[in-house]
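A look at the structure
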Amino acid sequence: MIVGLYARVSTKDKEQNPENQLIRLREYCKARDWNSKEYVDFASGAKKDRPGLNAIMTDLMDLDGILVLRLDRFGRSLQNLLENLNLIRSNGKFFEAIDQGLKISEKKDPMSDFMLAILGAAAEFERELISERVRDGMARARKENRKIGRPEILKKRGIDPSKIIKLS
């Protein structure tokens, strides 16, 4: 059996590392003597177009199923999540979110579908709350005339950008 292991983190930095997810997914496969192929994304789960997700869905016919750690790693848009899971099911493949004990097979199962809808809606709701908090924080920073965005590399290293401009 060959399964696709899908891991996703929102940003590419030291705090967020897909390897944490992949380690657990590999162990799960090893315990079942399954072979695997890995797909990784560094993008928001709300985005429909992600390179790793596109690749795993393209390779679907060569896989027996897809494993993720949690449903929100696969997607945070309920509509996109349901579309992809329906495609997986219609191709006779399985999908499993191992931390949540959620498994979907080609055969329709009302309880799995219900749990999927609830967990998918919760993932989308959580994403909306995060976005709202970020917008609120940015609005407050603007009111306080604070700089918004990532710190400038030159200033972080103690270099005055105006001196570089003057030299050129």
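Scope of this entry: the structure provided in the associated data block. Keep in mind that what you see is a predicted model, and the values were worked out from it rather than measured.

Conventions we followed
- Residues numbered from 1 in each chain as written.
- Predicted model: local features only at pLDDT ≥ 70, side-chain atom pairs only at ≥ 80, totals over all residues.
- Heavy atoms only, no water.
- Helix = DSSP H or I, 4+ residues; strand = E, 2+ residues; numbered from the N terminus.
- Buried < 20%, exposed > 50% of the residue type's maximum accessible area, 1.4 Å probe, protein only.
- Lys, Arg positive; Asp, Glu negative; His and termini not counted.
- Salt bridge = Lys/Arg side-chain N within 4 Å of Asp/Glu carboxyl O.
- Polar contact = N/O pair within 3.5 Å; in protein donor to acceptor, adjacent residues only side chain to side chain.
- Contact = heavy atoms within 4.5 Å.
- Patch = residues over 30% accessible without salt bridge, like charges linked within 9 Å, V, L, I, M, F, W, Y side chains within 5 Å.
- Areas by Shrake-Rupley, 256 points an atom, 1.4 Å probe, with all protein chains shown as cover.
- Arc of directions from axis to C-beta.
- Phe/Tyr/Trp six-rings, centres within 6.5 Å; stacked < 30°, edge-to-face > 60°.
- Pairing = 2+ DSSP bridges.
- Axes fitted to C-alpha atoms, helices over the stretch in contact; angles between N-to-C directions.
- Core = buried A, V, L, I, M, F, W, Y, C linked by side-chain atoms within 4.5 Å.

1. What about the side chain of Arg50?
Within the fold, Arg50 resides in the loop between β2 (35–42) and α2 (51–58). For the buried Arg50, no salt bridge is present, and the opposite-charge side chain at shortest range is Asp41, 4.5 Å distant. Among the polar contacts made by the side chain of Arg50, one reaches the side chain of Tyr6 at a distance of 2.8 Å. Excluding anything up to four places from it in sequence, Arg50 contacts Tyr6, Arg8, Asp41, Ala43, Ser44, Gly45, Arg73, Phe74 and Gly75.

2. Details of a nonpolar patch on the surface
There is a patch of nonpolar side chains on the surface, built from Met111, Phe114, Met115 and Ile118 and spanning about 390 Å² of accessible area. Turning to its location among the elements, Met115 is positioned in helix α5 (residues 110–143). Judged by its relative accessible area of 34%, Met115 falls in the partly exposed class.

3. Some details on α2
Considered for burial, the residues of α2 that qualify are Gly52, Leu53, Ile56 and Met57. Projection of α2 onto a plane perpendicular to its axis shows the buried side chains occupying an angular sector of 130°, all on one side. Exposed side chains of α2 directed beyond 90 degrees from the buried face belong to Pro51 and Thr58. In this structure, the buried residues of α2 make contact with β1 (2–9), β2, β3 (65–68), α3 (71–74) and α4 (78–90).

4. A few points about the packing of aromatic side chains
Counting across every chain of the model gives four aromatic pairs. An angle of 90° between the planes, with centres 5.7 Å apart, marks the rings of Tyr6 and Phe74 as edge-to-face. With Tyr6 in strand β1 and Phe74 in helix α3, the pair connects residues that are 68 residues apart, well separated along the chain. Residue classification places Phe74 among the buried positions, given a relative accessible area of 1%. Between Tyr28 and Trp34, the aromatic rings sit 6.2 Å apart at their centres with planes inclined by 70°, giving edge-to-face as the arrangement.

5. Examining the pairing of β1
Taking burial as the measure, the eight residues of β1 include seven buried ones, the bulk of the element. The pairing of β1 with β2 spans eight bridges and is classified as parallel. Note on β2: the bridge partner recorded for Arg8 is Asp41.

6. Observations regarding the sheet that holds β1
Here we have five strands laid out as an open sheet, ordered β2-β1-β3-β4-β5, and mixed in their pairing. A single partner strand is all that each edge strand has here, and the edge strands are β2 and β5 (102–104). Within this sheet the neighbouring strands show an average axis-to-axis angle of 20°, counted without direction. Most of the contacts of helix α1 (residues 19–32) go to β1, to which it runs at about 160°, and overall it touches β1, β2, β3 and β4 (94–97). Contacting β1, β2 and β3, α2 crosses the sheet at an angle of about 150° to β2.

7. What to know about the pattern of salt bridges
By the definition in use, this model includes 10 salt bridges. For Glu19, the salt bridge identified is with Arg26, shortest N-O distance 2.5 Å. Of the residues examined, Arg26 reaches a relative accessible area of 30% and is grouped as partly exposed. Counted as one network, the salt bridges with shared partners bring together Arg24, Arg70, Asp72, Arg73 and Asp99.

8. Side note on the nonpolar core
In this structure, Ile66, Phe74, Leu85 and Phe95 are the most contacted members of the largest nonpolar core, which totals 19 residues. Only α2, β3, α3, α4, β4 and β5 provide two or more residues apiece to this core. Setting aside chain neighbours within four positions, we find Ile66 in contact with Gly4, Tyr6, Ile56, Met57, Leu60, Phe74, Ile88, Phe94, Phe95 and Glu96. Leu5, Tyr28, Cys29 and Leu67 belong to the second-largest nonpolar core, a separate cluster that totals 12 residues.

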